[in-house]
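Below, each chain spelled out in residue letters.
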Amino acid sequence: MLVFKQDWIQVHIINRCEGMFLVYKGDRALRKNKLSYAIEYYNRGLNLYPKHFTAWYNLGNLYVVYEDYYAAVDAYTEAIKHNPKYVCARMNLGIIQSEKLGNFDAAIEQYNKIITTKYHIWAIPIVFSTKRSSKVNRGLAYYNMGRAYRQKALYLRDDERQLTTPLLLKSADAYEKACKILKKNSDARYNLALDYHLLGNYRDAGKNYCKAIELAPMNYEAHYNLAILLRRMKRFKDSLEELEKASLLISTSGTSANADYIFGILSDVSHSYIDFKSDPRYAAMADKDNQDVDPDKKKKKKKKHHEEEDVESYISEDGKVRPSDDLDKNMMRDMSRCAGYAYFRNESNEY
């Protein structure tokens, strides 16, 4: 009986205390950015007290820094084993499985666990509530699930190509749910548009590209993809407008290779537009475009145009020309306007 008590004391008291102390040293080394020491202390502490799930989580994050993804998976799995409702560990495990190891089904399983698990919601009035954080976590899980489904669709073998459309539909459904929760997240809207684009659903793709642009006007990829979509639909004028915005944004980012490519597409669309204008069908299409716009909106737009004051740049102390604040605001407003939105809003899916 005495031997049993000594073993119990060793395991549940002495080892736990020593393990907690070593984990504390690991936390301190992590704060000081001494990562190798942190890994050593965490491993020693967890050998003595393996139930410390936050230490497993921190250890997993450190293994990701060193790109030891299999060790990271083991660490995150241990964290979840000792705390099945550890959302951060499940999310990171899903991301590593999907993005780094290509285990898409394993990643989707983790995201489903986050979505379906019921969490205890508690709150201190006015001060704190877990309701919002749990809702956001579900939105992020849907977002990452959509990404995993699309990646799985794109990496299918040749003999599995018949699964591409079902997987893309699942991806779009996940992004739809993410957008309902993460209403201001432009990335969710952009990825939803991309799924519809790949599925050939041009109306919903165009609408969601426009919503993504409204939320993040300076994202050149949304402008560029929308321009490619509009070109595919032979709406060359609208495509040119979006390509001009994309080229302006990419030219200021310093990515010359992408800029050259976009300028090449811009030149190609410009020539296509010139050729298309001489086609008799162009007149009919132009008439239809004019019908897409609400006449009242035209009047409001015209009135607003007359009310706007001239916006000028100014010369700063260093002698360089700088845009005024009003110019910045007008540029952001112009960037957030989406070419062809009225068309996408009114048209049914014909493609």
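You'll find the structure just up there.
Residues numbered from 1 in each chain as written. Predicted model: local features only at pLDDT ≥ 70, side-chain atom pairs only at ≥ 80, totals over all residues. Heavy atoms only, no water.

1. Focus on the state of the cysteines
Enumeration over the complete set of coordinates arrives at 1 disulfide. A sulfur-sulfur distance of 1.9 Å marks the disulfide that ties C210 to C338. For the disulfide bridge between C210 and C338, the dihedral angle about the S-S bond is near -50°, and by the sign convention the bridge is left-handed. Within this pair, whereas C210 is found in helix α10 (residues 202-215), its partner C338 is found in the loop between α16 (325-336) and α17 (341-346), the two being separated by 128 residues in sequence. (Disulfide = S-S within 2.5 Å. Helix = DSSP H or I, 4+ residues; strand = E, 2+ residues; numbered from the N terminus.)

2. Some points on a nonpolar patch on the surface
On the surface, L154, Y155 and L198 cluster together to form a nonpolar patch covering roughly 360 Å² of accessible area. A residue is classified by how much of its surface remains accessible, and L154, at 52% relative accessible area, is exposed. (Patch = residues over 30% accessible without salt bridge, like charges linked within 9 Å, V, L, I, M, F, W, Y side chains within 5 Å. Areas by Shrake-Rupley, 256 points an atom, 1.4 Å probe, with all protein chains shown as cover. Salt bridge = Lys/Arg side-chain N within 4 Å of Asp/Glu carboxyl O. Buried < 20%, exposed > 50% of the residue type's maximum accessible area, 1.4 Å probe, protein only.)

3. Description of helix α5 (residues 87-100)
Along its 14 residues, α5 runs 19 Å from first to last C-alpha, staying within 8% of the 20 Å computed at 1.5 Å per residue. Just beyond α5, the residue with positive phi is G102, at close to 70°. (Expected span 1.5 Å × (residues − 1).)

4. Considering the packing of aromatic side chains
Here the structure, examined in full by the defined rule, presents 8 aromatic pairs. Taking the centre distance of 6.1 Å and the plane angle of 25° together, the rings of F104 and Y155 count as stacked. Of this pair, F104 sits in helix α6 (residues 104-116) while Y155 is found in the loop between α7 (131-154) and α8 (164-181), placing the two residues 51 residues apart along the sequence. Judged by relative accessible area, which is 11%, F104 ranks as buried. A residue is classified by how much of its surface remains accessible, and Y155, at 63% relative accessible area, is exposed. On the numbers, 5.7 Å between centres and 70° between planes, the contact of Y343 with F344 is edge-to-face. Grouping residues by exposure puts Y343 and F344 together as buried. Aromatic rings pair up to connect F53, Y57, Y76 and Y86 into one cluster. (Phe/Tyr/Trp six-rings, centres within 6.5 Å; stacked < 30°, edge-to-face > 60°.)

5. Considering the nonpolar core
Grouped together as the largest cluster of nonpolar side chains are 41 residues, with contacts concentrated most on Y111, M145, Y209, L226, L229 and F344. Contributions of two or more residues to this core are made by α5, α6, α7, α8, α9 (186-199), α10, α11 (220-232) and α17. Excluding anything up to four places from it in sequence, F344 contacts Y202, R203, G206, K207, L226, L229, L230, M233 and A339. Grouped together as the second largest cluster of nonpolar side chains are 28 residues, A38, A71, A72 and A79 included. (Core = buried A, V, L, I, M, F, W, Y, C linked by side-chain atoms within 4.5 Å. Contact = heavy atoms within 4.5 Å.)

6. A word on the pattern of salt bridges
Taken as a whole and assessed by the stated rule, the structure comprises 12 salt bridges. Across the pair R157 and D159 runs a salt bridge whose closest N-O atoms are separated by 3.2 Å. Here R157 matches D159 in class, with each residue exposed. Of the charged contacts, one joins R157 and E160 as a salt bridge, the two residues approaching to 3.1 Å between their closest N and O atoms.

This is a description of form; function is not addressed.
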